[in-house]
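One-letter residues, chain by chain:
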Amino acid sequence: MNKETKERIKKFVTDREWDKYHSPENLAKSICIEASELLECFQRGEEYKIEDVKDELADVLIYCQDLLVRLNLDEDEIINSKIDKNEKKYPLEKSKGNAKKYTDL
C-alpha cells in the first residue's frame, strides 16, 4: 500500500475520532467480520459481483492497515518474515504441485 493511501486511511479515522474504538481486539474482530462478508460474495461460486468483492476486500485491507498502525508494525517486515517461515515449512522440492499441509509433506 502506498504512503498516500495509508495517510488517507489514517486521516479518515482521525477526522471521525474513531481511534478510541480501534483497539487491537476491535480491529481484529472487524477484520474477521469483513472477511466473512468477502466470503459471502462467493456463496454462489463463480456467480460473484466484482464490485462487491472489491468493496469487501478493501474493507479487510483498511482494517489490516489500521491494525498495523495501532501495533506499530511494518507490513513488509512481517510479510517477509512469514514468507521466510513458510519457505522452511514448505520446501520447494516437497511442496511444488501439491496442496498438502506441511505436516503431511
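Calculation rules
Residues numbered from 1 in each chain as written. Predicted model: local features only at pLDDT ≥ 70, side-chain atom pairs only at ≥ 80, totals over all residues. Heavy atoms only, no water. 1 Å grid on protein atoms, 1.4 Å probe; cavity = no way out; pocket = protein on both sides within 12 Å on 5 of 7 lines; lining within 4 Å. Points joined across faces, edges and corners; volume = space filled by probe spheres on them. Helix = DSSP H or I, 4+ residues; strand = E, 2+ residues; numbered from the N terminus. Axes fitted to C-alpha atoms, helices over the stretch in contact; angles between N-to-C directions. Parallel < 35°, antiparallel > 145°, perpendicular 65-115°, else oblique. Left-handed = near helix turned anticlockwise from the far one by under 90°. Contact = heavy atoms within 4.5 Å. Nonpolar A, V, L, I, M, F, W, Y, C, P; charged D, E, K, R; others polar. Expected span 1.5 Å × (residues − 1). Buried < 20%, exposed > 50% of the residue type's maximum accessible area, 1.4 Å probe, protein only. Arc of directions from axis to C-beta.

A word on the layout of surface pockets. If you add up the space inside the largest pocket, you get close to 250 Å³. What lines the largest pocket is Thr5, Arg8, Ile9, Phe12, Val13, Trp18, His22, Asp59, Ile62, Tyr63 and Asp66. Elements supplying a minimum of two residues to the lining of the largest pocket: α1 (3-15) and α3 (50-70). In terms of residue count, α1 provides more of the lining of the largest pocket than any other element does, 5 residues in total.

As a packed pair, helix α2 (residues 24-40) and α3 sit with axes 9 Å apart at the nearest point and diverge in direction by 165°. Judged by the inter-axis angle, α2 sits roughly antiparallel to α3. For the pair α2 and α3, the crossing hand works out as left-handed. Packed against α2, whose contacting residues are Pro24, Leu27, Ser30, Ile31, Glu34, Ala35, Glu37 and Leu38, the element α3 presents Val53, Glu56, Leu57, Asp59, Val60, Tyr63, Cys64, Asp66, Leu67 and Arg70 at the interface. Split into classes, the residues belonging to the contact of α2 with α3 amount to 11 nonpolar, 1 polar and 6 charged.

Turning our attention to α2. The terminal C-alpha atoms of α2, which comprises 17 residues, lie 24 Å apart, in line with the 24 Å expected from a rise of 1.5 Å per residue. Residues of α2 that are buried include every one of Leu27, Ser30, Ile31, Glu34 and Leu38, and no others. Angularly, the buried residues of α2 cover 105° about the axis, an arc narrow enough to put them on a single face. Structural note: α2 exposes Glu25, Cys32 and Leu39 on the side pointing more than 90 degrees away from its buried face. Its buried side turned inward, α2 meets α3.

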